[in-house]
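Working through the structure, step by step
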Amino acid sequence: MSALTVERATWASRIGFACALAAMAALVAVPFTGNAGLMRMIVELTALLVLAQMWNLLAGYAGLVSIGQQAYVGVGGYALIVLADDLGVNPFLAVPLAGLVAATLALPTALVVFRFRGGYFAVGTWAVAEVYRLLVANTDALGRGTGRTLKAVFPLARETRELGTYALAVAIGLAAIGAVYFYLRSRQGLGLMAIRDSEPASESLGVDVFRTKLAVYLIAAFGTGLTGALIYLNLLRISPDAAFSINWTAYTLFIVVIGGLGTLEGPLLGTLLFFAFREVLADYGAWYMILLGLLAVIAMLRFPQGLWGLVAARWGIHVFPVRRRVRRPG
Amino acid sequence: MAWLDTVLQGVLLGGLYALFATGLSLIFGVMRLVNLAHGDFSILAAFLAVVAVGTWSINPLLALVVVAPLMAALGYALQWLVLDRLLGRGMLPAVLVTFGFSVIIQNGLLELFSADSRRLNPGGIETASLALGGGLAVGWFSLLTFAVAVLLLAALHLLIGRSAIGRAFRATSDDDATAALMGIDTRRLHGLAMALSLAIVAVAGVFLGIRTTFTFSSGPDRLLFAFEAVIIGGLGSLWGTLVGGVILGVAQTVGAKLSPGWGVLTGHLVFLAVLLLRPSGLFAPSRRVDS
Amino acid sequence: MTLLAVRELSASYGDFQALFGVSLEVAEGELVAVIGANGAGKSTLLRALAGALPAARGRVEFAGRSLEGRAAAGRVALGLVLVPEGRRIFPSLSVEENLRVGAYRGRPGPWTLARVQALFPILRERAREPGTNLSGGEQQMLAIGRGLMANPRLLLVDEISLGLAPLVVKHLYEALATIRAESTTLIVVEQDVSQVLALAQRVYCLRKGAVSLEGVPARLGRAQLAAAYFGT
């Protein structure tokens, strides 16, 4: 019998690698153009991309369909302000720390929401996010309903702040994609995909379902909290209604579902589409959200693997080869 | 006396919440479907009543004669055309699609009716009250809401417990493949369950719109209250849902009395406390939250 | 008169083909046995006939009508009813409610709640209890009774004696004789052939998803049956 080889790299992943190098070069070049609007937009785009990657990890890979990830956007944003303004931490350093705060709060939260299964998990996470919003809106130190402004960055020159935020965003974006990619390729990632395919079967093979899902939930809370801090480092002004808005989850959900649930490429494609749509439909107000909602419904009915799933099925392209493929030589 | 009044208001409010909750738990019971747009459908019904009142200058309660069947038809159509195709593919597609409905409805209402808050005017009954002695008084409208809620729950209880269609609902809930072998057209039955759910939530939405002001984005809160009433009462128990609604209503009015910003939050906290202490709810008939 | 005519029926579970061109005929008032070893395709045949499994190829005519495109619920309306393998009693319904669900389509005919309860008295005695409280044999009676409530022209009974004590099986076969006497046509699937062959007018033996033998039980030799059954 001929020996089999296991490989993950594909020609698309090699071309993808080349594209990634080109994109990185472009990202490095952007600050030299001095275009502050473009930099802000890339920060926004990166933030949504990371939110989408985190939600995709939760829903697409771990089957945890949370409608309450806005809780961690808000927690991250407020943690940034408390750390930087009240505790005197460097605001750029406060961003990753805000992610840790979110992950810490996610642990007790998980003990509550993990009591729900399936569809009721979605509503349960949403209810808990509302609890966070109302708690913040009733706390004097956090500015109650009116919110607060990040003052720690005022002494910095505007260019310094913008460049710092931009560099941080690019680093977070790359780190998030890399982290999700390597997590899925790891032993735990394999266990996660086994759970997605069959929970009882994976359990009988020794995968600890509860711990694996908990780990994913905490990782997603960290990434989402971090991104929340990044978003408000960019916006400077925070309020409970905006920071804990269900729209954060709505955007990421549409990005992932339209782009391709349960793939790494899907959220990337979805984020780019989302931004393109937003630019084109900027003048049409709410129609923009109606259109996205309709697209997501149609996607779920007609192409549940999303646009990237169509691409992958048509041309067999995998830029991020998470799967292993068994080949006979020759 | 002021506290007794607060509790009484909360109990009556709980009837309305039970009405929201019933439709949600009905479709979960029959087809394991969680409708994230449940609250938005109630607000859609309230806006339809606004249109009906504006067009024919009728009482909003009378408008229900048109609005409830309209919502039922919408529910049947959505189930038939969209949601039924997603069943059997796990819960994820249905959750995402109903969330899509939620966003579509909210933004559609925003486009059509602007962000202004609205209220339905039933012509005086909403302000009239009944003196109970000792300085205690309850609004006629709150009483009417509670009575309608109890009547609808009782009717539904009878329908599910005694009628052929109710048996078919329960059989389908147990095992839809075998139900089909008994001659039950499960797809049609799912459509009927959704139609019934949206008709009930239309009643709830119109009563809400008379009781308080609402905007295009009032839906998600109704979904959460309905969900909390279901979980507090225990899944699969209709009267448990009423008690769950009442507990939630009392928690909210008492919380709001303690501090104006704490009404809804207290409700959420009581819900979390019940969840942690009795995960299967207070009156669950032997089923678990995840069953 | 031919009630059921099956021509070249094939059916699959996903990629796995379980039936390969099965043809059979059942006349009105007959009791036909379908026997075969485990995995021969007997249950698949009944499920395909009842519409619980889409037929991949072939034609099925029931009372002169093609069943193509007709789902399980619609076949019940015509009087084609399956008593499924494993009883499949509804746990949240009482014994009586399980029976009443059988009458969901309201087909007219000889079977009423009272007559089914007379056939199986235990179903009257324990009418208010949850259906799944009954023992295995009693659940089989309930499943058959539930099927009868639909007033079938053709009742398909899957693995009637599976896992039941011999005395219970004997009792169930006595009931089948009564049911046939009501001019209800039956197809009974069995692994255990001795009981069903004593009652059946005709028998089909399935092996590896195809008909390996067809005939009148009294005229078939033991060796002939064994060869068709085990393929030796």
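Remember, it's a predicted structure, so these values are computed and weren't measured experimentally. Starting from 1, residues in each chain are numbered consecutively following that chain's sequence as written. All chains are assigned letters beginning with A, and all ligands numbers beginning with 1, in the order in which they are written. The predicted nature of this model means local features are confined to residues of pLDDT at least 70 and side-chain atom pairs, given and counted, to a pLDDT of 80 or more, with totals for whole chains, interfaces and linings taken over all residues.

**A few points about the overall build of chain A**
How we decide: Each helix is a run of DSSP H or I of at least 4 residues and each strand a run of E of at least 2, with the numbering of both proceeding from the N terminus. Throughout, radius of gyration means the C-alpha value; the globule benchmark is 2.2 Å times the number of residues raised to the power 0.38. In this scheme every C-beta is placed from the backbone, and a residue whose C-beta has 20 or more other C-beta atoms within 10 Å is buried, one with 12 or fewer is exposed, and one in between is partly exposed. Remark: residues whose backbone-derived C-beta atoms lie within 7 Å of one another are considered to be in contact.
The secondary structure content of chain A amounts to 14 helices and four strands. The C-alpha atoms of chain A give 20 Å as radius of gyration, which agrees with the globular expectation for 330 residues (20 Å, within 12%). Each principal axis of the C-alpha atoms in chain A carries an extent, and together these give about 70 × 50 × 40 Å. When burial is assessed residue by residue, chain A has 45% of its 330 residues classed as buried. By sequence separation, contacts in chain A at least 24 residues apart represent 78% of the contacts at least 6 residues apart.

**Considering the overall build of chain B**
When its secondary structure is counted, chain B shows 11 helices and two strands. From first element to last, N terminus to C terminus, chain B shows the α and β order α-α-α-α-β-β-α-α-α-α-α-α-α. Against the 2.2 N^0.38 benchmark of 19 Å for 291 residues, chain B shows a C-alpha radius of gyration of 19 Å, consistent with a compact globule. C-alpha atoms of chain B, sized along the principal axes, occupy 60 × 50 × 35 Å. Within the span of chain B, comprising 291 residues, buried residues form 55% of the whole. Taking the contacts inside chain B whose residues are at least 6 apart along the sequence as the reference set, 73% of them involve residues at least 24 apart.

**Here's the deal with the packing of helix α3 (residues 70-86) of chain A against helix α5 (residues 118-137) of chain A**
All names here are of chain A. Defined as follows: Every angle, taken between N-to-C directions, lies between 0 and 180 degrees, and every axis is a line fitted to C-alpha atoms, over only the stretch in contact when it is a helix. Under this scheme an angle from 65 to 115 degrees is roughly perpendicular, one under 35 degrees roughly parallel, and one over 145 degrees roughly antiparallel; angles in between are oblique. Crossing handedness follows the turn of the near helix against the far one: under a right angle anticlockwise gives a left-handed crossing, and clockwise gives a right-handed one.
Two numbers describe how α3 lies on α5: the axes approach to 8 Å, and their chain directions differ by 30 degrees. In terms of axis orientation, α3 runs roughly parallel to α5. As α3 runs across α5, the sense of the crossing is left-handed. Note on element contacts: α5 touches α3 through V128, A129, Y132, R133 and V136, opposite Q70, A71, G74, V75 and Y78.

**Things to note about the pairing of strand β10 (residues 210-215) of chain C**
We apply this condition: Criterion used throughout: strands pair if DSSP finds at least two bridges between them.
Strand direction decides the pairing type here: strand β9 (residues 202-207) of chain C and β10(C), joined by five bridges, are antiparallel. Residue C:L206 lies in a different strand from β10(C), and its bridge partner there is C:V211.

**Description of the environment of A:A106**
Residues and elements named next belong to chain A. Following the sequence through the fold, A106 ends up in helix α4 (residues 91-113). Among the residues examined, A106 registers 23 C-beta atoms within 10 Å and is labelled buried. A106 sits 115 residues away from A221 along the chain, and the two C-alpha atoms are 6.3 Å apart. Contacts of A106, omitting those with residues within four sequence positions, involve Y72, Y217, L218 and A221.

**Some details on the interface of chain B and chain A**
The condition is simple: We call Asp, Glu, Lys and Arg charged. Ala, Val, Leu, Ile, Met, Phe, Trp, Tyr, Cys and Pro are nonpolar, and the rest, Gly among them, are polar.
Listed as interface residues are 38 residues of chain B and, on the opposing side, 37 residues of chain A. Considering every element that reaches the side of chain B that touches chain A, the biggest residue donor is helix α4 (residues 91-113) of chain B, with 15 residues. Of the residues that constitute the side of chain B that touches chain A, the class distribution is 29 nonpolar, five polar and four charged.

**Remarks on the sheet that holds strand β1 (residues 2-13) of chain C**
Each strand in a sheet pairs with its neighbour through backbone hydrogen bonds, running either in the same direction (parallel) or in the opposite one (antiparallel). Residue and element names in this part refer to chain C. Judged by pairing direction, the sheet is antiparallel, and its four strands sit side by side in the order β2-β1-β4-β5 without closing on themselves. Looking at which strands have only one partner, the edges of the open sheet turn out to be β2 (16-27) and β5 (65-66). Here β1 runs beside strand β4 (residues 55-62); their pairing, made up of six bridges, is antiparallel. Paired with A5 across the two strands is E61, which belongs to β4. Contacting β1, β2 and β4, helix α1 (residues 42-50) runs over the sheet at an angle of about 70 degrees to β2.

**Description of the interface of chain C and chain B**
With 21 residues of chain C at the interface, the matching set in chain B holds 15 residues. Going through the elements one at a time, α2 (72-78) and α3 (95-102) of chain C are the ones with two or more residues in the side of chain C that touches chain B. Looking at the side of chain C that touches chain B residue by residue, the class counts come to 15 nonpolar, two polar and four charged.

**Details of the arrangement of the chains**
Once contacts are tallied for each of the two pairs of chains in contact, the highest total is for chains A and B. The smallest C-alpha distance separating chain A from chain C is 17 Å, and no contact links them.

**Description of the sheet that holds β10(C)**
Residues and elements named next belong to chain C. Strand order across the open sheet formed by six strands is β6-β7-β8-β3-β9-β10, with mixed pairing between neighbours. Strands with a single pairing partner mark the edges of an open sheet, and in this sheet they are β6 (80-83) and β10. With strand direction ignored, the average angle separating the axes of adjacent strands in the sheet is 20 degrees. As paired strands, β6 and strand β7 (residues 154-157) are joined by four bridges and run parallel to one another. Within β7, the residue paired with L80 across the bridge is L154. Along the sheet, α1 contacts β3 (31-36), β6, β7, β8 (185-190) and β9; its crossing angle with β6, the most-contacted strand, is approximately 145 degrees.

**Considerations on the nonpolar core**
One recurring pattern in soluble globular proteins: nonpolar side chains tend to sit buried together. We apply this condition: By definition, a nonpolar core groups buried Ala, Val, Leu, Ile, Met, Phe, Trp, Tyr and Cys residues that connect through C-beta atoms lying within 7 Å of each other.
Of all hydrophobic cores here, the largest spans 273 residues; its most connected members are A:L80, A:A98, B:A45, B:V67, B:A202, B:V206 and C:L156. Top element by residues in this core is helix α8 (residues 186-211) of chain B. It accounts for 16 residues. Excluding residues that lie within four positions of it along the chain, B:V67 makes contacts with B:A45, B:L48, B:A49, B:A52, B:A202 and B:V206.

**Points about helix α1 (residues 2-31) of chain B**
For clarity, the threshold we go by: How far a helix is expected to stretch is found by multiplying one less than its residue total by 1.5 Å.
With 30 residues, α1(B) should cover 44 Å at 1.5 Å per step; its first-to-last C-alpha distance of 44 Å lies within 8% of that length. Burial of α1(B) is extensive: 22 of the 30 residues sit out of reach of the surface.

**A short note on helix α9 (residues 219-233) of chain B**
All names here are of chain B. Its 15 residues place the ends of α9 21 Å apart at the C-alpha level, agreeing with the 21 Å of an ideal helix rising 1.5 Å per residue. Most of α9 is tucked away, with 14 of its 15 residues classed as buried. Two residues or fewer after α9 comes G234, characterised by a positive phi angle close to 105 degrees.

**With respect to the confidence of the model for chain A**
Note: predicted coordinates in regions of low pLDDT should not be interpreted at a detailed level. The test is simple: The predictor reports its confidence for every residue as pLDDT, a score running from 0 up to 100.
Per-residue pLDDT for chain A averages 86, and the proportion of residues at 70 or more is 92%. Least confident of the elements in chain A is strand β4 (residues 325-327) of chain A, whose mean pLDDT is 60; most confident is α3(A), at 95.

**Focus on the environment of C:G69**
Among the secondary structure elements, C:G69 is positioned in the loop between β5 and α2. Spatially, the C-alpha atoms of C:G69 and C:P54 are 8.9 Å apart, while their sequence positions differ by 15 residues.

**So, the pairing of β1(C)**
Strand residues, when the strand is regular, have side chains that alternate between the two faces of the sheet. Where β1(C) meets β2(C), eight bridges bridge the pair, whose relative direction is antiparallel. By the bridge assignment, C:S12 is partnered in β2(C) with C:Q17.

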